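Read off the chains here:
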Amino acid sequence: MTAQIINGKEIAQQFCDDLAQQIKQLKKMPKLAVILVGDNPASLIYVRNKQKKAQEIGMECEVFHFAELAQENEIVTLIEQLNMDKSVNGIIVQLPMPKHLNETHILETVQQDKDVDAFKQVMSGALWQKKAPWASATPQGVLLLLKKYVDNLCGKHAVIIGRSNIVGKPMAALLLNEDCTVTISHSKTIGLKDIVKTGDIVVVACGVPRLVKKDWVKPGAVIIDVGISKVDGKLCGDVDFDEVKDVAGAITPVPGGVGPMTIAMLLKNTYTAYLKQMDNL
Ligand code: NAD
């Protein structure tokens with residue numbers, strides 16, 4: 001068997017084209033504010049890509065770039081100003097931040113109706129109760145891909161590798177909300193390979209290059225690889241793509257799988273935030 005290759009780049013582009021049409025109908029441009037601290041090379045690329053895509057679909061995106069040694073109160077003050085600014089619909093803080101900063105405190109400063117990354121604690125809780133206005137971008141993008149490649153998610157066994165607040169846990173909540181049976185595995189899981197083998201769907205987000213091998217995968221399973229690592233100067237995921245594609249039913253490549261979906265969902269969340277804010281005027 002050779003798996004269908006899930007073309008996240010193409011699916012994200014179609015999604016963004018539709019979003020651009022919807023944005024054209026609005027009275028004014030939605031605006032996303034991005035806060036970046038320091039010069040982490042990967043973060044610089046991610047922020048540039050977000051800004052480029054936002055502008056492409058007719059959304060304003062302003063980047064506030066702080067120096068590596070910026071003080072927490074400077075960042076908090078800016079977020080408070082952006083919270084008050086009616087022209088700003090969404091605010092994100094690019095992670096990771098330099099170690100001297102209290103990430104939780106900074107993220108919690110973002111006003112809830114502008115938290116388009118859904119990283120605030122209240123947003124995580126709302127997601128588990130099916131009451132969230134939107135979910136974090138990456139798991140939402142994964143769900144959209146799964147809906148295109150799995151006929152009916154109801155009752156399927158989804159195995160997630162990784163339990164981070166930004167990918168693994170919200171992914172579990174979203175799949176549970178779709179009536180999947182969900183197993184969350186992590187670095188302390190015993191017998192990971194055997195657990196993964198029971199998954200009709202496997203979402204891998206652990207940051208361990210090519211961890212998942214051919215003999216870990218149930219034939220026909222749909223495999224979504226969230227991981228991004230650089231090995232010998234080349235990007236690769238958490239799944240050994242070259243092996244696993246011979247067993248899986250469908251699989252995302254890295255790059256060109258989940259990454260473009262993340263940006264598309266962030267812009268969708270900003271558009272949704274705009275609509276909700278307009279409703280509340
Ligand atoms: P994280 O470091 O916060 O969490 C990693 C998780 O993986 C932890 O829960 C840990 O318990 C688990 N883990 C680590 N080693 C493991 C092992 N050997 N076996 C099983 N579980 C293990 O990472 P994160 O922020 O969730 O990101 C995970 C990966 O996804 C990274 O490579 C990151 O770069 C990537 N990522 C990609 C996108 C995207 O848009 N494509 C978005 C976010 C994260």
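Each value, and the rule that gives it
Residues numbered from 1 in each chain as written. Predicted model: local features only at pLDDT ≥ 70, side-chain atom pairs only at ≥ 80, totals over all residues. Heavy atoms only, no water. Helix = DSSP H or I, 4+ residues; strand = E, 2+ residues; numbered from the N terminus. Rg over C-alpha atoms; globule rule 2.2 N^0.38 Å. Buried < 20%, exposed > 50% of the residue type's maximum accessible area, 1.4 Å probe, protein only. Contact = heavy atoms within 4.5 Å. Areas by Shrake-Rupley, 256 points an atom, 1.4 Å probe, with all protein chains shown as cover. Lys, Arg positive; Asp, Glu negative; His and termini not counted. Charge placed at Lys NZ, Arg CZ, Asp CG, Glu CD. Axes fitted to C-alpha atoms, helices over the stretch in contact; angles between N-to-C directions. Parallel < 35°, antiparallel > 145°, perpendicular 65-115°, else oblique. Left-handed = near helix turned anticlockwise from the far one by under 90°. Nonpolar A, V, L, I, M, F, W, Y, C, P; charged D, E, K, R; others polar. Core = buried A, V, L, I, M, F, W, Y, C linked by side-chain atoms within 4.5 Å. 1 Å grid on protein atoms, 1.4 Å probe; cavity = no way out; pocket = protein on both sides within 12 Å on 5 of 7 lines; lining within 4 Å. Points joined across faces, edges and corners; volume = space filled by probe spheres on them. Pairing = 2+ DSSP bridges. Salt bridge = Lys/Arg side-chain N within 4 Å of Asp/Glu carboxyl O. Near = heavy atom within 4 Å. Polar contact = N/O pair within 3.5 Å; in protein donor to acceptor, adjacent residues only side chain to side chain.

Peer 1: What am I meant to see in the overall build of the protein here?
Peer 2: Within the protein, the secondary structure is distributed over 10 helices and 11 strands. Computed over its C-alpha atoms, the radius of gyration of the protein comes to 19 Å, within 12% of the 19 Å expected for a compact globule of 281 residues. For the C-alpha atoms alone, the extent of the protein along its principal axes is close to 55 × 40 × 35 Å. Out of the 281 residues in the protein, the part that is buried amounts to 50%. Partitioning the intrachain contacts of the protein with sequence separation of at least 6 by distance along the chain shows that 73% fall at a separation of at least 24. Approximately 13,400 Å² of the protein is accessible, and the part contributed by carbon and sulfur atoms is 52%. Between the averaged position of the 32 positive side-chain charges in the protein and that of its 31 negative side-chain charges there is a distance of 3 Å.

Peer 1: Is there a simple way to explain the packing of helix H6 (residues 137-149) against helix H7 (residues 168-177) in this structure?
Peer 2: Packed helices, taken two at a time, are described by their axes: the angle between them and the distance between them. In contact at an axis separation of 9 Å, H6 and H7 are set at 40° when each is read in the N-to-C sense. Judged on the interaxial angle alone, H7 and H6 are oblique. Considering the relative orientation of H6 and H7, their crossing is right-handed. Of the residues in H7, those in contact with Pro-139, Gln-140, Val-142, Leu-143 and Leu-146 of H6 are Pro-170, Met-171, Leu-174 and Leu-175. The residue makeup of the contact of H6 with H7, split by class, is eight nonpolar, one polar and no charged.

Peer 1: I'm lost on the nonpolar core in this one. Help?
Peer 2: Proteins that are soluble and globular tend to have nonpolar side chains buried together. In terms of nonpolar packing, the biggest core is built from 56 residues, with Leu-146, Leu-175, Val-203 and Ile-224 touching the most fellow members. Among residues more than four places away in sequence, those in contact with Ile-224 are Ile-6, Val-142, Leu-145, Leu-146, Val-202, Val-203, Val-204, Thr-252 and Val-258. By size, the runner-up hydrophobic cluster in this structure holds 21 residues, among which are Ile-79, Val-88, Leu-95 and Leu-101.

Peer 1: For this particular structure, what's the right way to read empty space enclosed by the protein?
Peer 2: Taking a probe equal in size to a water molecule and rolling it over the atoms shows the remaining empty space. Counted under the stated rule, the structure contains one cavity of 30 Å³ or more. Volume-wise, the largest cavity comes out at about 30 Å³. Every residue lining the largest cavity is listed: Ile-91, Ile-92, Val-93, Leu-107, Val-110, Asp-115, Asp-117 and Phe-119. The element best represented in the lining of the largest cavity is strand E4 (residues 90-93), accounting for three residues.

Peer 1: Whenever I open this one, the sheet that holds strand E11 (residues 250-251) confuses me. Can you help?
Peer 2: The pairing of strands in a sheet happens through backbone hydrogen bonds and is either parallel or antiparallel. Judged by pairing direction, the sheet is parallel, and its six strands sit side by side in the order E1-E11-E8-E7-E5-E6 without closing on themselves. Of all the strands in the sheet, the pair left with one neighbour each is strand E1 (4-5) and strand E6 (181-185). Relative to E11, strand E8 (residues 222-225) runs parallel, the two sharing two bridges. Each bridged residue has a counterpart across the sheet, and for Val-222 the counterpart in E11 is Ala-250. The strands that H6 touches are E1, strand E7 (201-204), E8 and E11; relative to E8, the one it contacts most, it runs at about 160°. Contacts from H7 reach strand E5 (157-161), E6 and E7, with the element oriented near 170° to E5.

Peer 1: I would appreciate a short explanation of the pattern of salt bridges in the present structure.
Peer 2: Taken as a whole, this structure holds eight salt bridges when the rule is applied. A salt bridge links Lys-218 to Asp-200; its shortest N-O distance comes to 2.6 Å. Of the two residues, Lys-218 sits in the loop between E7 and E8 while Asp-200 sits in the loop between helix H8 (192-196) and E7, which places them 18 residues apart along the sequence. Residue classification places Lys-218 among the partly exposed residues on the basis of a relative accessible area of 30%. With relative accessibility at 25%, the residue Asp-200 sits in the partly exposed group.

Peer 1: Help me understand the site of the ligand in this model?
Peer 2: Neighbouring residues of the ligand: 21 residues in total, closest Arg-163, Ser-164, Val-226, Ile-228 and Thr-262. In the environment of the ligand, a nitrogen atom lies 3.4 Å from a nitrogen or oxygen atom belonging to the backbone of Val-226. A distance of 2.8 Å is found between an oxygen atom of the ligand and a side-chain nitrogen or oxygen belonging to Thr-262. Here the ligand, which alone exposes 860 Å², has 70% of that area covered by the protein. No other element matches the three residues that helix H10 (residues 258-279) contributes to the shell around the ligand.

Peer 1: How should the side chain of Gln-94 be read in this particular structure?
Peer 2: Following the sequence through the fold, Gln-94 ends up in the loop between E4 and helix H4 (103-109). Of note is the side chain of Gln-94, whose polar atom sits 2.7 Å from the side chain of Lys-50. Discounting residues that sit within four places of it in the chain, Gln-94 has contacts with Ile-35, Leu-36, Ser-43, Tyr-46, Val-47 and Lys-50.

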